[in-house]
Amino acid sequence: MKRFSPTNLLCVCVLLLLFVGGGSMLYGKFFASEAPREASQSIDWRARYPFGTPAPQKAEAPARKQTFSDKIADLQARLDSSRDCLFGRQTLLELCGAFRRATYQTKTDEIVLLNNGYLTTIVNQTDEQTERQIADSVLRLQEMTQSADIPLLYIQVPQKVCQYDDQMPPGELSYINQNLDRHLALLQAGGIDTLDLRQALHEDGLSHYGLYFRTDHHWTMAAGLWAARTVAEALCERGFALDTALLSEENFTETTYSDWYLGTQGRRVTRGYIAPDDFTILLPEFATDLRVEHPDKGIDVQGSFFDTVFDHAMLETKDYYGLSTYESILCGNRPLTRITNNQNPDGLRVLLIHDSYSTVVAPYLSLLCGQIDMIDVRAANGNFNGSLDAYRDEMQPDIVIVMYCSPVNIDRSAG
């Protein structure tokens, strides 16, 4: 019998890795699936903050008989879920990731390796109807805030791909900045006051990619401090009195957790493809006294910035695939979070309608304000589905800020 030579054995190993690597690309969403996010079920926000006009009831779809294709899909889902229990599964996936990186594969599923070594996600062009629906939802909110004599400011957060230097590998294209340009144009045409942090970042001469994690779509806490200071300066230009000097970098100290965080995009391609990020938090050197409330989690804590802003158990646990360290800040995506600055009870009251990018901005901005109420209406994340108008009327903020990285339809009255 002919014996395998080392070369033949190496070829077999490579073919095996190719096969498994290709499979991981085909089943990418399974292989690197995130742990399910905690849903908010304990509070009926729609009942607590009802709409003036009852939301239309959705007709229940008639029960459909399960087809043969449905049964096959169900079986496939069961088989996929059982793979989590395979011995050595994560090690094998990391080997596949290492092979893809060694063979210069720059795209796995929709995750792309930029020329500078950062990961990003491909964003397709938004269709005109969706663009209009999203913009109209913000315009309707402005009409209601104007009727209540409360100003509204829309803030556009930068996406990870820089509009001036996209760093995309050959053949790849992301439409994110084109989408954002069109969105801002629609809002401005409707008379909405806007602040484009993409432009502010460029004008300040900062390194765009240096403000982001290599393995995640989110930006860092240092970026959050810069953004809070920039927003505070914009609010001062609009007539609000804030001590922006308090947010100077020299007033904060760094604490770094080395090789601590594998972001959403990094978990998709595994640690074999890209090394984890450091996770650095910036803590104020001056005395702070905050109250942070997450009603859906039954959390109500008071104390220093460090004591109240972070989920310490999560922050101090290194778990590359089971935890997202970014969500240690303000307990991740919550339907409602209230930050009260006990040292400034008569300060600015802000209603902030936001996505996860504001998680690292609001804590720093709160140091200049009296109260910031944060609402996340995204159905797949915070899922505050009550009336923003009713909440605004109860809170009576001095300003409403809508702050998004990827714009969404904030009108939840239809379901």
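Up top you'll find the structure we're talking about.
Residues numbered from 1 in each chain as written. Predicted model: local features only at pLDDT ≥ 70, side-chain atom pairs only at ≥ 80, totals over all residues. Heavy atoms only, no water.

Draft legend 1. Local environment of the overall build of the protein. When its secondary structure is counted, the protein shows 14 helices and 13 strands. For the protein, buried positions account for 48% of its 415 residues. For the protein, contacts bridging at least 24 residues in sequence account for 76% of all contacts bridging at least 6. When the accessible area of the protein is evaluated, it comes to approximately 20200 Å², of which 53% is carbon and sulfur surface. (Helix = DSSP H or I, 4+ residues; strand = E, 2+ residues; numbered from the N terminus. Buried < 20%, exposed > 50% of the residue type's maximum accessible area, 1.4 Å probe, protein only. Contact = heavy atoms within 4.5 Å. Areas by Shrake-Rupley, 256 points an atom, 1.4 Å probe, with all protein chains shown as cover.)

Draft legend 2. How the structure looks around helix α7 (residues 176–189). Between its first and last C-alpha atoms α7 spans 20 Å; for 14 residues at 1.5 Å apiece the expected length is 20 Å, and the two agree. Those residues of α7 that fall on the buried side of the exposure criterion are Ile176, Asn177, Asn179, Leu180, His183, Leu184 and Leu187. Looking straight down α7, one finds its buried side chains confined to an arc of 150°; they lie on one side. Elements that come into contact with the buried residues of α7 comprise α6 (128–147), β4 (152–156), β5 (193–196) and α8 (197–203). Downstream of α7 by one or two residues, Gly191 has phi in the positive range, about 85°. (Expected span 1.5 Å × (residues − 1). Arc of directions from axis to C-beta.)

Draft legend 3. Molecular detail of the pairing of strand β11 (residues 349–354). The element β11 is extensively covered by neighbouring structure, given that five of its six residues are classed as buried. Where β11 meets strand β12 (residues 371–375), five bridges bridge the pair, whose relative direction is parallel. Along β12, the bridge assignment pairs Val350 with Ile372. When β11 meets strand β13 (residues 399–404), the two strands line up parallel, connected through five bridges. From the neighbouring strand, Leu351 faces β13, where its bridge partner is Val400. (Pairing = 2+ DSSP bridges.)

Draft legend 4. Seen up close, the nonpolar core. Within the largest apolar cluster, 60 residues are counted, with the highest numbers of intra-cluster contacts made by Leu197, Trp219, Leu235, Phe279, Phe310, Tyr364 and Ile401. When residues in this core are grouped by element, the largest group, 10 residues, is from helix α9 (residues 221–237). Other than its neighbours up to four places away in sequence, Leu235 contacts Leu153, Phe240, Leu242, Leu348, Ile399 and Ile401. Of all hydrophobic cores here, the second largest spans 26 residues; its members include Val138, Ile192, Tyr391 and Ile410. (Core = buried A, V, L, I, M, F, W, Y, C linked by side-chain atoms within 4.5 Å.)

Draft legend 5. How the structure looks around the side chain of Glu131. Along the chain, the position of Glu131 falls in helix α6. Relative accessible area serves as the criterion here: at 10%, Glu131 is assigned to the buried category. In this structure, Glu131 is in contact with Thr126, Asn179, Arg182 and Leu186, ignoring residues within four places of it in sequence.

Draft legend 6. Up close: the packing of α6 against α7. Their axes nearest at 9 Å, the elements α6 and α7 cross at an angle of 40°. Accordingly, the angle class assigned to the pair α6 and α7 is oblique. In this structure, α6 crosses over α7, and the sense of that crossing is right-handed. Taken together, the residues of α7 that come into contact with α6 (itself represented by Glu131, Arg132, Ile134, Ala135, Val138 and Leu139) are Asn179, Arg182, His183, Leu186 and Leu187. Taken together, the residues of the contact of α6 with α7 sort by class into six nonpolar, two polar and three charged. (Axes fitted to C-alpha atoms, helices over the stretch in contact; angles between N-to-C directions. Parallel < 35°, antiparallel > 145°, perpendicular 65-115°, else oblique. Left-handed = near helix turned anticlockwise from the far one by under 90°. Nonpolar A, V, L, I, M, F, W, Y, C, P; charged D, E, K, R; others polar.)

Draft legend 7. Region of the structure containing the packing of aromatic side chains. In total, this model carries 16 aromatic pairs according to the counting rule given. With a centroid separation of 5.8 Å and an interplanar angle of 50°, the aromatic rings of Trp219 and Tyr357 are classed as tilted. In this pair, Trp219 is assigned in the loop between α8 and α9 and Tyr357 in the loop between β11 and α13 (362–365), connecting sequence segments 138 residues apart. The pair Trp219 / Tyr357 is uniform in exposure class, with both members buried. One aromatic cluster is present, built from ring pairs that chain together Phe252, Phe286, Phe305, Phe306, Phe310 and Tyr364. One cation-aromatic arrangement involves Arg101 over Tyr273; the distance from NZ or CZ to the ring centre is 5.4 Å. (Phe/Tyr/Trp six-rings, centres within 6.5 Å; stacked < 30°, edge-to-face > 60°. Lys NZ or Arg CZ within 6 Å of the ring centre and 35° of its normal.)

Draft legend 8. Spotlight on the pairing of strand β9 (residues 299–303). As judged from the five bridges shared by strand β8 (residues 290–294) and β9, these two strands associate in the antiparallel manner. Each bridged residue has a counterpart across the sheet, and for His294 the counterpart in β9 is Ile299. The hairpin turn running from β8 into β9, its antiparallel successor, is four residues long, and Gly298 in that turn takes a positive phi close to 70°.

Draft legend 9. Focus on the sheet that holds β13. With respect to topology, eight strands assemble into an open sheet ordered β5-β4-β13-β11-β12-β10-β8-β9, the strand pairing being mixed. In this open sheet, the two edge strands, each paired with only one partner strand, are β5 and β9. Looking at each pair of strands side by side, their axes are set apart by 15° on average, direction ignored. Where β8 lies against strand β10 (residues 336–341), four bridges are found, and the strand directions are antiparallel. Bridged to Leu290 within β10 is Asn341. Sheet strands touched by α7: β4 and β5. Its angle to β4, the strand with the most contacts, is close to 165°.

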